[in-house]
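# Architecture and fold: a report
Below are the chains, spelled out letter by letter.
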Amino acid sequence: QVQLVESGGGLVQAGASLRLSCAYSGRSFSTYTTGWFRQAPGKEREFVAAINWGSVTYYADSPKGRFTISRDNAKNTVYLQMNSLEPEDTAVYYCSAGQYGRVTNTETTGYDYWGQGTQVTVSS
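Only a predicted model underlies this, so the values are computations on that prediction, with no experimental measurement involved.

Looking now at unusual backbone geometry. A positive phi is found at Ser55, a non-glycine position, where the angle reads about 65 degrees. Inspection of the secondary structure puts Ser55 in the loop between β5 (46-51) and β6 (57-59). With a phi close to 50 degrees, Ser84 is a non-glycine residue in the positive phi region.

Summed over the entire model, instances satisfying the criterion amount to one disulfide. With a sulfur-sulfur separation of 2.1 Å, Cys22 is cross-linked through a disulfide to Cys95. Looking along the S-S bond of the Cys22-Cys95 disulfide, the torsion reads about 60 degrees, which is the right-handed sense. With Cys22 in strand β3 (residues 18-25) and Cys95 in strand β9 (residues 91-99), this pair connects stretches of sequence that are 73 residues apart.

Moving on to the sheet that holds strand β1 (residues 3-7). Backbone hydrogen bonds hold the strands of a sheet together, and the pairing may be parallel or antiparallel. Spatially, four strands are ordered β1-β3-β8-β7 in an open sheet, and the strand pairing comes out antiparallel. The outermost strands of the open sheet, each flanked by one partner alone, are β1 and β7 (67-72). For this sheet, the mean angle separating the axes of adjacent strands, direction not counted, is 15 degrees. Here six bridges tie β3 to strand β8 (residues 77-82), and the two strands are oriented antiparallel to one another. By the bridge assignment, Arg19 is partnered in β8 with Gln81.

A word on the nonpolar core. With 26 residues, the main nonpolar core has Trp36, Ile69, Leu80, Met82 and Tyr93 as its most contacted residues. Elements supplying a minimum of two residues to this core: β3, β4 (32-39), β5, β7, β8, β9 and β11 (118-123). Excluding residues that lie within four positions of it along the chain, Leu80 makes contacts with Leu18, Arg19, Leu20, Trp36, Val48, Ala49, Phe67, Thr68, Ile69 and Tyr93. Counting residues in hydrophobic clusters, the runner-up holds six residues, among them Phe37, Phe47, Ala60 and Tyr111.

Below, the discussion takes up the pairing of β9. Most of β9 is tucked away, with seven of its nine residues classed as buried. Relative to β9, β4 runs antiparallel, the two being bridged by eight bridges. Looking across to β9, one finds that Thr33 is bridged to Gly98. Note that β9 and β11 share three bridges and pair antiparallel. Looking at β11, one finds that Ala91 is bridged to Val120. As paired strands, β9 and strand β10 (residues 113-114) are joined by two bridges and run antiparallel to one another. Looking across to β10, one finds that Ala97 is bridged to Tyr113.

Note that Val122 resides in strand β11. For Val122, a relative accessible area of 6% puts it in the buried group. Sequence separation of Val122 and Val12 is 110 residues, and the distance between their C-alpha atoms is 5.1 Å.

What counts and what doesn't
Residues numbered from 1 in each chain as written. Predicted model: local features only at pLDDT ≥ 70, side-chain atom pairs only at ≥ 80, totals over all residues. Heavy atoms only, no water. Helix = DSSP H or I, 4+ residues; strand = E, 2+ residues; numbered from the N terminus. Disulfide = S-S within 2.5 Å. Pairing = 2+ DSSP bridges. Axes fitted to C-alpha atoms, helices over the stretch in contact; angles between N-to-C directions. Core = buried A, V, L, I, M, F, W, Y, C linked by side-chain atoms within 4.5 Å. Buried < 20%, exposed > 50% of the residue type's maximum accessible area, 1.4 Å probe, protein only. Contact = heavy atoms within 4.5 Å.

Structural data, given as structure tokens:
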């Protein structure tokens with residue numbers, strides 16, 4: 001069984017930075033692709049970024065250049081560094097994991113495990 005716990009969200013002003021963490025517990029972390037998704041009020045959950053077991057990364061168009069996904073296999077943790085935050089980035093951010101998942105998979109159905117989410121609020 002895999003468990004994911006997100007942390008690092010908060011309330012910031014536009015232009016600020018945040019780093020989200022996704023702590024993984026379970027077996028074979030190094031074989032999982034981890035994705036970050038976000039869901040704003042009244043909207044569907046959308047893909048943000050993903051990283052696979054070989055640290056290959058893939059990003060959605062909107063945060064590209066501002067967000068960076070990375071992983072630390074020694075700490076069983078995946079990070080999402082978010083810079084130059086905009087009010088439109090306000091959402092609950094979720095991390096997800098799928099074993100040997102395709103890093104370009106942007107659908108929620110491509111991931112088997114989900115965290116509880118962490119709120120990110122960006123004020124203008």
